[in-house]
Each structure stands twice: as C-alpha cells, then as structure tokens.
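Survey of secondary and tertiary structure
What follows is the residue order along each chain.
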Amino acid sequence: MSRTDDDSWDITEGVGATALSVARARAVEADAQCPLYLDPYAHFFVEAAVEAGWRSPFLDDNPVRAQAMAAYIASRTKFFDEFFTTAGANGLDQAVILAAGLDTRAWRLPWISDTTVYEIDQPKVLEFKERVLAEHQAKPGASYAAVAVDLRHDWPTALRQAGFDPATPTAWSAEGLLPYLPAAAQDALFEQIDDLSAPGSRLSVEAFGEVFYSAEQLARRQERMAEARRAAAETGGPEIPDVTRLWYMEARTDVHKWLTDHGWEVTAISAVDLMEHYKRPAPDDLEDPVPDTVLLDARKL
Ligand SMILES: C[S@@+](CC[C@H](N)C(=O)[O-])C[C@H]1O[C@@H](n2cnc3c(N)ncnc32)[C@H](O)[C@@H]1O
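Keep in mind that this is a model prediction, so the values were computed, not measured. (Residues numbered from 1 in each chain as written. Predicted model: local features only at pLDDT ≥ 70, side-chain atom pairs only at ≥ 80, totals over all residues. Heavy atoms only, no water.)

Tallying each qualifying case throughout the model produces 1 cavity of 30 Å³ or more. Taken together, Phe 84, Ala 87, Gly 88, Leu 92, Gln 94, Ala 95, Trp 111, Thr 115 and Ala 171 make up the lining of the largest cavity. Mapped by element, the contributors of at least two residues to the lining of the largest cavity are helix H3 (63–89) and strand S1 (94–98). When residues of the lining of the largest cavity are assigned to their parent elements, the largest contribution, 3 residues, is made by H3. Among the residues forming the lining of the largest cavity, the class breakdown is 6 nonpolar, 3 polar and no charged. (1 Å grid on protein atoms, 1.4 Å probe; cavity = no way out; pocket = protein on both sides within 12 Å on 5 of 7 lines; lining within 4 Å. Points joined across faces, edges and corners; volume = space filled by probe spheres on them. Helix = DSSP H or I, 4+ residues; strand = E, 2+ residues; numbered from the N terminus. Nonpolar A, V, L, I, M, F, W, Y, C, P; charged D, E, K, R; others polar.)

Here it is, written out as structure tokens:
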C-alpha cells in the first residue's frame, strides 16, 4: 500500500478507498436526526462498493473517536457546501472540485443558472461515481465535466481541454486532498490554481498543520491503528487499511501564508472552532480528537 510517484487506484484500493470512507461518513450523517446537509447519494456508493466485494472497515474501535471523526467530516462537508453556495450567490458560475472523490455537490447543491462544475480525480474513481449515479438516475444541477487526470500530472491542460476558461472567476475546492500529494506537488498545485484564477476567484482549502505532519502524532496514530487492526483481526472483521501509509509525511508550505503572499485575501477557521460553530464539538478529553486542520476561504484580489 506504499505510494509511488505514478501510482493509480480504483475506488476500493488505497487512496481511492479513502473516498469511500468519506462517503460512508456522509451516509451516516444522512441518517442523523438533524443532518448538517443532505446527501441522498452517499448510501448508493457504499452499497455498490460492498456489492463489488468491498468490506467496509471499522476505522476505529473507539466509538467516541469514531463519532468525533464523523462530526469532523460532517462539519467539513458543510463548510465546503456553504463555500460553493456563497460563491454562487456572489455570481461565480465556474467551479472546480479538486480530488472530488465521491463528493456529490454537482448533483445536490442549488447551483445558479449556467454554472459549470469540473471535477478532477483519477479515472477509475470518476468512472465508478458516474456509473453509480447513472444507475440511480441522478442528474447534475449544473453543467458537469469530469476531468480524469492525476493532480501530480499536467491537470491544467486537461482542465482547459474540458472547457475551463481561466478568464472567468472560479470557485475552487481542495478537500481531503493535501496529505495524499507530495509536498512539491502541493506547492505546484497552488501555483497552478493561482495561474488559472482570474481576479475575484475564490478558493476553499482543508489545510493541514504542523502537528498533523509531526512524527509524534504520526506515532500515536499508528499505535491506535495497530490496536484497531488487532481488534478487527480477532473478531474476523475486514482488514483495516493503514491510511497513514498513503500520506506523504513531509514538511509543508503554510497554505494560508502562501495565498496571502500571492494576493489572496484569506479567512481561516480551525476544525475545532468549525465543529463548535456547527454544534458538533470535538470531545475535549480525547487525545488528537480530530486532524490538526484549518479551513481556508480565500478570494483573489
Ligand atoms: C479522502 S478522499 C476525499 C474525496 C473528496 N474530496 C471528499 O471530501 O469527499 C481523497 C480523494 O483524493 C483523490 N486523489 C488523491 N490524490 C490524487 C491525485 N494525485 N490525483 C487525483 N486525485 C487524487 C483520491 O482519488 C480520492 O478521491
């Protein structure tokens, strides 16, 4: 499961399966008494993957921690939903969802007229998604273009070939992505976004902090993961993938600072404050309850 420069994956494999884990969390939120958002499609992805032989792993044997993670994903999803809704209300009608995975915003958000949503991810991930949505007669609420390309390759050319217009202000998102990119590819990604962004463009980012990439936190995470794997093996549960082996644990450019230095006006909220704001607080008696992240909302001046 270790990474290579040119690796690729299907939806049930390695990095692809992380999109399924997020979809599973969104399916759980759909059943909550007072959900933060509605995602009627998340169940379909999980069911289709299970039919294809995927066994949904329990990512954590500690229910409090699992609940904290579900609250994190729910709050994060709501943040990006609100970002795109606000961008639309401000007249942006071109959106690019980087590493879209099984995100269904193009199908479930109320887009303003004439919006085009471009989704970038690996080919097999987007194929799976389109197949499942078509099987359930889901129709996008905007013009939709799947751009099947690796974000470590020349994705700007693929995006332009799909019809993207760099002269039109764009709403961008990078959610659940950055640790899966090498640090150099992350730097290139923001350079490329900046190049393709007309003034007035907006960008939302889940930015991971120093603690997330620290050796100390990684060791604690791996220890917990090993325990969960042992428990799963004892009860005959599905094997738990070690997601930490999919991340590039390298020192990173501070995204907030980089954007500010390159002419973007940035507001930031920590994951913990965001969860508090949405009344899904992280438990304060748990070590590392949620990833050390900040959610950024940036506007190019
Ligand atoms: C944790 S999932 C998040 C998916 C989605 N953003 C969400 O929040 O539901 C990570 C996604 O990043 C995609 N991804 C990671 N590295 C990528 C790369 N180099 N090129 C294209 N997609 C990538 C994976 O295929 C996967 O769909």
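This part takes up the packing of helix H2 (residues 42–51) against helix H5 (residues 123–135). Here H2 crosses H5 at 110°, and the two axes come no closer than 10 Å. With respect to each other, H2 and H5 are oriented roughly perpendicular. Here Phe 44, Phe 45, Ala 48 and Ala 49 of H2 lie close against H5, whose contacting residues are Phe 128, Lys 129, Val 132 and Leu 133. Taken together, the residues of the contact of H2 with H5 break down into 7 nonpolar, no polar and 1 charged. (Axes fitted to C-alpha atoms, helices over the stretch in contact; angles between N-to-C directions. Parallel < 35°, antiparallel > 145°, perpendicular 65-115°, else oblique. Contact = heavy atoms within 4.5 Å.)

Counting through the fold element by element, Gln 186 comes out in helix H7 (residues 183–196). Beyond its immediate sequence surroundings of up to four residues, Gln 186 is in contact with Leu 178, Leu 181, Tyr 213, Arg 252, Thr 253 and Val 255.

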